[in-house]
Amino acid sequence: MFPKLFYVSLVIFLAYYTKITSSECVGQFYAHPRECSLYYQCSKGSLIEMTCPDGLHFLPTYEICGYPDGSCDNTPSDATEKSEESLISRIEKLEAKSIMLEAISNELDNRSAILEQKSIELEDRSNQLDVRSTLIEERTEALEIRSMELEAKSIRLENMSSNLQLELDFLSTILVAWAMEQEKRTTSLETQATKLNTTMTQSNTRTTQLEGQTNEIAATLTSTVNSLNDFKKVAITNIRLGPLERAIAWNDFGFQDGLDGITSVVITSVINYNEDAYIDYVERRRIEKFVNGQWTGLV
């Protein structure tokens, strides 16, 4: 049996500090150990001190405030004795509850340890997943960089292909122009060859003509020389050959006998400086007669 003072102190302690579960104290009332007009009400697991209206006492039997019925004589020792059994029962209940709560606490500790272990495992798993995610991100970034490099390389290849195509088109244009130029040159050369053939034919014809003229001139010279010899033989007087005259024959008409009023001449030489098929110059002298004190060409 515990001392009464202990119980009084215990009731005060329970009234201000003990929390009772809602399944035990909700709606329950408890007598005050010293004051008949005071009582305790359990509210949300806590004992709250309540006061009855003036002139009324708390009636534990009915758990209400009413007129004094002699159950409370306002003596602390008597009130303590009356509530001793109730307090002992409550202490036993609290001890049992404490044991049960301790068992629950141990179970919760065990579960907490298991949950903590699982949390550590999950954290390790999360770290592994983070590492794997980081590796995947790095791999993804590497693949993106590689993709960008390949795309840039593809663009460079496309640009190179375009440049090569432009160069090929340019070279093709140059080759076509060169081929057309060669064709024109070939046509021009063929035309020139045709002209050269025509010129050669004309040159041959001109050579033949000049050869005939040369033969005629040679015959004329021979005849002239013979005439001079004959003239010397008959001793012609007051007759002479005038000054030497030269005329271009290779691109001109040479002398035009009769047009200059002179018909009596002697061809003294035919000159070909470059030894080609054409006569370059023709030289002649007039036949003059001394008449009335001066030399005059014979007509």
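Presented here is an overview of the structure given in this document. Residue positions within a chain follow its written sequence, with the count starting from 1. The predicted origin of the model limits local features to residues at a pLDDT of at least 70 and limits the giving and counting of side-chain atom pairs to 80 or more, whereas totals for whole chains, interfaces and linings rest on all residues. Hydrogens and water are ignored here; the side-chain numbers use all heavy atoms of the structure.

Let's talk about unusual backbone geometry
Put simply, the rule is: In this description a helix means any DSSP run of H or I spanning at least four residues, a strand means any run of E spanning at least two, and both kinds are numbered starting from the N terminus. Accessibility here uses a 1.4 Å probe with only protein chains present; expressed as a share of the type maximum, an area under 20% marks a residue as buried, one over 50% as exposed, and anything in between as partly exposed.
For Glu63, which is not glycine, the phi torsion reads 55° and is therefore positive. With respect to the helices and strands, Glu63 occurs in the loop between strand E4 (57-59) and strand E5 (64-66). Overall, the relative accessible area of 35% leaves Glu63 in the partly exposed class.

Points about the sheet that holds strand E1 (residues 29-31)
For the record, the criterion: What makes two strands pair is DSSP finding at least two bridges between them. For helices, the fitted axis covers only the stretch in contact; all axes are lines through C-alpha atoms, and the angles between them, taken along N-to-C directions, range from 0 to 180 degrees.
Strand order in the open sheet formed by 3 strands is E1-E2-E3, and the pairing between neighbours is antiparallel. Taken across any chain shown, the strands that pair with only one partner, and hence form the sheet edges, are E1 and strand E3 (46-51). The sheet shows a mean angle of 30° between the axes of neighbouring strands, direction not considered. Of the strand pairs in this sheet, E1 and strand E2 (residues 38-43) are connected by 3 bridges, and their pairing is antiparallel. In the sheet register, Phe29 faces E2, and the bridge partner there is Gln41.

Structural notes on the pattern of salt bridges
Short version of the rule: What makes a salt bridge here is a side-chain nitrogen of Lys or Arg within 4 Å of a carboxyl oxygen of Asp or Glu, nothing more.
Overall, the coordinates contain 6 salt bridges when judged by the stated rule. Three or more residues are tied together by salt bridges with common partners; here these are Glu245, Arg284 and Arg286.

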